[in-house]
Amino acid sequence: MIKQPELLATLNQAQQDAVIAAEPRLLVLAGAGSGKTRVLVHRIALLLQQQCHPHEILAVTFTNKAAHEMRQRIETLTGVSTRPLWIGTFHGLAFRFLRHHHEAARLPEGFQIIDADDQLRLIKQVIKALSLDEKRWPPKQAQNYINHQKDEGLRPQHIQTLSLIEDTWLRVYSYYEEQCQRTGLVDFAELLLRSHELWLHRPDILAQYQQRFRHILVDEFQDTNTVQYAWLKMLCHPQCSLTLVGDDDQSVYGWRGAKVENIQNFNQHFEHTRVIRLEQNYRSTSTILKAANAVIDKNQGRLGKTLWTDQGDGEAIQVFCGFNETEEARFIASTLRSQLSKGASPADFALLYRSNAQSRVLEEALIREQIPYRIYGGLRFFERAEIKTALAYLRLSINRNDDSSFQRIINTPPRGIGAKTLESLADSAHQQQRSLWQALGDALEQQALKGRALGALQAFYDHINQLDTHIYPLTLSKKLEHIIENSGLLGLYQLEGEVGQGRIDNLRELVSACEQFEEVDEDIDATAQFLDHVSLEMGERGSQTDGPVVNLMTMHAAKGLEFPVVFLTGFEEGLFPSHNAKESPSQLEEERRLCYVGITRARKQLYITRADSRRLYGSENHNPPSRFLKEIPPSLIVNRQETLSISRPSLYSASTSRNNSTSPASDTLFALGQGITHPKFGEGVILNYEGQGANTRVQVNFKRAGSKWLVLQYARLEAL
DNA sequence: ACGTGAATCCTTTTT
DNA sequence: GGATTCACGT
């Protein structure tokens, strides 16, 4: 085991202070790139080295990725196994508590977790069952309402309704909750709320854990919501040492219920707290940090923190404004191209945007330049329809009362059971307070439904029972294999051509994921554990690619990551900050924090781009530059706007890059959006271009003659 | 019950 | 612009 001096040797003074601080209440304000995880990992390593038993430590994160990373780094640092340590996400830990004490928490033994998608489906059913109009009462809004209440720790009986509208949402919430309780389903927010309530009602169980955990450490504390905060506060015994690590300036999930106030008002809730600031940044150049500091400085009520570095200034921030979003994308792609040709790796670059809708144009430009890329964010593996369907068969075979799975597979593949049949089934299920499966059994026994539907239902009923008997003795992966081949899923997707083939490939991947899962523990039945694992860890986003690729993602998704070169795109009012955020100052501040997160992702070089005119949702908009752009000191910026031009090939060799500043003075340079005249067509504006060198063609919108494509070399265009 | 043209809706999404 | 839901027709 390594000695303390050795453990601390690689840390700066503030980091060392944070690692060895003996105060029972410690808040580490860790700026972007200041070694936050390092401190957490070293602090735990030090605890392990001292008197502390591994099982007395609880470390809480928000993502599985962060939890895994922490485990790994502790093991690398100490050489000790982290198995006895409780390190996990809020949700994962809450789940663990609930499984252990399911009875005290009033949950059935095999309760299942539903994801946001299943939740929405369930809510749709509820709205239908209450005979509400989906137009007037959008399920999405109901979902937001329910999750928001749960994030705030509120059950239907705690809510005082002030309006008829709220009253209706409350009815939906109540009905939804009943439905979940009856069918043994638990959504994400419920995990936390339920385990918090478990402790409220069972102080004996709480005391058990309070005594056990002598050291609680929380990562990304600025992202905690009301329930998570209350949960932590209850779990934390007065004699427990509590270490909170976070950055109020990087709180960007307020819209999901996270409360910046939790970190901002920390001193008022926990007395005698020592606050340590980590302000030395090891990631970025001083230019990038100055920009980030200047922007975030405009926010009110910050705990306050100024990042600095002993690195040099580095490159200036390059700002580019395109004529439209296509030119913005082309600028990025051609900049990438030239940097790649100088030997940079695609993986060194990240293209960040405020909303996913912006990715398409960027993608198209990258494809034109044949630059490999990967988009983060889309559907994750376990969220794919075919995966969820296959797993629903498995779930239903374990728990027949899982209505969510029942509905997913009752008519997939199509077996002649339509909406009407299902509706009457749901009606009788609700009347008798039973699950759909039970209602189905009743209906078959009593021959209660009409002839044609009855046959199909009987077939389904028998099919599931047969499937279950058959797969019962099999291993997890064999179970799934059998389900895929015998439930008709394979046949269904084989009929779907190319798309179906992709689905079949995904199902194969699922089976191999099961095989890997089995290897970990061969003795126990892995099925139930696998389903839990799937629900809590949705797997990596996107597909694995071969070779290095440029990274495209939202600024939210980029939090916690870093890249040598970062492009922040779409810096326009209405886009970033989003037009939705302009009403309230607090939302605007959150947008500004997001900007701060974006800027601080860059290590060496930062580009910020925007477009004068942008086509979004079908219509064209002229957006002024983002206010955040003006908040960056001009001295840090180099403007690239005028350097991107189209050259006339006859005067300009085809191989010359467009931004070559050594071109002869006789060259005629054109820019998108520029006014020109043509001997025949008169005045016009350049809208677009394609090709290069002698093949360059430009699209000009002429006042009189309308829009035309012209070969630049021959068209006698004159600048206006 | 299921497939096809129109209406409709748009932030961000760790679990 | 475009995916996704819908209402209608068969």
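Residues numbered from 1 in each chain as written. Chains lettered and ligands numbered in written order. Predicted model: local features only at pLDDT ≥ 70, side-chain atom pairs only at ≥ 80, totals over all residues. Heavy atoms only, no water.

A. How the structure looks around the layout of surface pockets. Reported here for the second largest pocket is a volume of approximately 1,600 Å³. In terms of lining residues, the second largest pocket is bounded by 39 residues, among which Phe95, Phe517, Gln529, Asp532 and His533 are the most central. Only helix H4 (64-78), strand E3 (86-89), helix H5 (90-100), helix H17 (385-398), helix H21 (451-471), helix H24 (497-520) and helix H25 (526-536) provide two or more residues apiece to the lining of the second largest pocket. Among the elements that make up the lining of the second largest pocket, the one with the highest residue count is H25 (seven residues). For the lining of the second largest pocket, the residue count by class is 16 nonpolar, 12 polar and 11 charged. (1 Å grid on protein atoms, 1.4 Å probe; cavity = no way out; pocket = protein on both sides within 12 Å on 5 of 7 lines; lining within 4 Å. Points joined across faces, edges and corners; volume = space filled by probe spheres on them. Helix = DSSP H or I, 4+ residues; strand = E, 2+ residues; numbered from the N terminus. Nonpolar A, V, L, I, M, F, W, Y, C, P; charged D, E, K, R; others polar.)

B. How the structure looks around the protein's contact with DNA strand C. Taken together, the residues surrounding DNA strand C are Glu134, Lys135, Arg360, Arg615, Tyr617 and Gly618. Counting only atoms of DNA strand C within 4 Å of the protein, the fraction found in sugar and phosphate groups is 44%. Arg360 is positioned such that a nitrogen or oxygen atom in its side chain is 3.3 Å from a phosphate oxygen of DNA strand C. Arg615 is positioned with one of its side-chain polar atoms (N or O) 3.3 Å from a sugar or linking oxygen of DNA strand C. Residue composition of the surface near DNA strand C, grouped by class: one nonpolar, one polar and four charged. (Near = heavy atom within 4 Å. Polar contact = N/O pair within 3.5 Å; in protein donor to acceptor, adjacent residues only side chain to side chain.)

C. Fine view of the packing of helix H7 (residues 139-151) against helix H8 (residues 164-183). Here H7 crosses H8 at 75°, and the two axes come no closer than 10 Å. Taken together, the axes of H7 and H8 lie roughly perpendicular to each other. Contacts between H7 and H8 involve Gln141, Ala142, Tyr145, Ile146, Gln149 and Lys150 from the first element and Glu166, Trp169, Leu170, Val172, Tyr173 and Tyr176 from the second. Taken together, the residues of the contact of H7 with H8 sort by class into eight nonpolar, two polar and two charged. (Axes fitted to C-alpha atoms, helices over the stretch in contact; angles between N-to-C directions. Parallel < 35°, antiparallel > 145°, perpendicular 65-115°, else oblique. Contact = heavy atoms within 4.5 Å.)

D. Examining empty space enclosed by the protein more closely. Counted by the stated rule, this structure contains five cavities of 30 Å³ or more. Considering only enclosed or pocket space, the largest cavity measures out at about 180 Å³ in volume. As for the largest cavity, its lining consists of 19 residues, of which Ile113, Asp115, Asp118, Lys388 and Arg395 are closest to the centre. Elements supplying a minimum of two residues to the lining of the largest cavity: strand E4 (112-113), H17, helix H18 (403-409) and H25.

E. The sheet that holds strand E1 (residues 25-30), seen in detail. Read across the open sheet, the six strands follow the order E3-E2-E6-E7-E1-E8; overall the sheet is parallel. For this open sheet the edge positions go to E3 and strand E8 (274-278), each flanked by a neighbour on one side alone. Across the sheet, the axes of successive neighbouring strands diverge by a mean angle of 15°, strand direction being ignored. Of the strand pairs in this sheet, strand E2 (residues 57-61) and strand E6 (residues 215-218) are connected by four bridges, and their pairing is parallel. Bridging across to E6, Leu58 finds its partner in Ile216. Helix H3 (residues 36-49) contacts E1, E2, E6, strand E7 (241-246) and E8 of the sheet and is inclined by roughly 170° relative to E6. (Pairing = 2+ DSSP bridges.)

F. Summary view of H3. Between its first and last C-alpha atoms H3 spans 20 Å; for 14 residues at 1.5 Å apiece the expected length is 20 Å, and the two agree. Across the 14 residues of H3, 11 count as buried, placing the element largely inside the fold. Among the residues of H3, those classed as buried are Lys36, Val39, Leu40, Val41, His42, Arg43, Ile44, Ala45, Leu46, Leu47 and Leu48. (Expected span 1.5 Å × (residues − 1). Buried < 20%, exposed > 50% of the residue type's maximum accessible area, 1.4 Å probe, protein only.)

G. Examining the environment of Ser81 more closely. Mapping Ser81 onto the fold places it in the loop between H4 and E3. Expressed as a C-alpha distance, the spacing of Ser81 and Ile599, which sit 518 residues apart in the sequence, is 37 Å.

H. The packing of helix H15 (residues 325-341) against helix H16 (residues 359-368), seen in detail. For the pair H15 and H16, interaxial distance at closest approach is 8 Å and the crossing angle is 45°. In terms of orientation, H15 lies oblique with respect to H16. With respect to the hand of their crossing, H15 and H16 are arranged in right-handed fashion. Facing Glu325, Thr326, Ala329, Arg330, Ile332, Ala333 and Leu336 of H15, the residues of H16 in contact are Val361, Leu362, Ala365, Leu366 and Arg368. Partitioned by chemical class, the residues of the contact of H15 with H16 number eight nonpolar, one polar and three charged. (Left-handed = near helix turned anticlockwise from the far one by under 90°.)

I. Fine view of the sheet that holds strand E19 (residues 675-678). Within the open sheet, the five strands sit side by side as E22-E21-E20-E19-E23. Their pairing is antiparallel. This sheet does not close on itself; its edge strands, each paired only once, are strand E22 (706-711) and strand E23 (718-719). Pairing between E19 and E23: two bridges, direction antiparallel. The residue of E23 that forms the bridge with Thr677 is Glu718.

J. Spatial organisation of the environment of Ala715. Tracing the backbone shows Ala715 in the loop between E22 and E23. Between the alpha carbons of Ala715 and Met234 there is a distance of 76 Å; along the sequence they are 481 residues apart.

K. Representation of the nonpolar core in the model. Core analysis: the largest hydrophobic core is formed by 47 residues, its most contacted members being Phe382, Leu391, Phe406, Phe460, Leu510 and Phe530. When near neighbours in sequence (up to four residues on either side) are disregarded, Phe406 contacts Leu396, Leu422, Leu425, Leu436, Trp437, Leu440 and Phe460. Core analysis: the next-biggest nonpolar cluster, separate from the first, contains 41 residues, Leu27, Leu235, Cys240 and Phe266 among them. (Core = buried A, V, L, I, M, F, W, Y, C linked by side-chain atoms within 4.5 Å.)

L. Looking closely at the pairing of strand E13 (residues 563-568). Of all six residues that make up E13, six are buried, and the element is covered over most of its length. Looking at chain direction, strand E10 (residues 349-353) and E13 are connected through four bridges and run parallel. Counted as the bridge partner of Leu351 is Phe567 from E13. As judged from the five bridges shared by E13 and strand E14 (residues 602-616), these two strands associate in the parallel manner. Counted as the bridge partner of Val565 is Gln605 from E14.

M. Representation of the packing of aromatic side chains within the structure. Inspection of the entire model under this criterion finds 29 aromatic pairs. Seen from their ring centres, Phe97 and Tyr209 are 4.6 Å apart, and the 70° between their planes marks the pair as edge-to-face. Here the residue Phe97 occupies a position in helix H5, and Tyr209 occupies one in helix H10 (residues 203-212), the gap between them amounting to 112 residues. Seen from their ring centres, Phe221 and Phe266 are 6.0 Å apart, and the 85° between their planes marks the pair as edge-to-face. Of the two residues, Phe221 is situated in the loop between E6 and helix H11 (226-235) and Phe266 in helix H13 (residues 266-269); the sequence distance between them amounts to 45 residues. The exposure class of Phe221 is buried, given its relative accessible area of 1%. Aromatic ring contacts, followed pair by pair, group Phe62, Trp86, Phe90, Phe97, Trp199, Tyr209, Phe213 and Trp231 into a single cluster. Sitting over the ring of Trp86, Arg96 keeps its end group 3.7 Å from the ring centre. Here the basic side chain of Arg99 rests over the ring of Phe111, its NZ or CZ set 4.2 Å away from the ring centre. (Phe/Tyr/Trp six-rings, centres within 6.5 Å; stacked < 30°, edge-to-face > 60°. Lys NZ or Arg CZ within 6 Å of the ring centre and 35° of its normal.)

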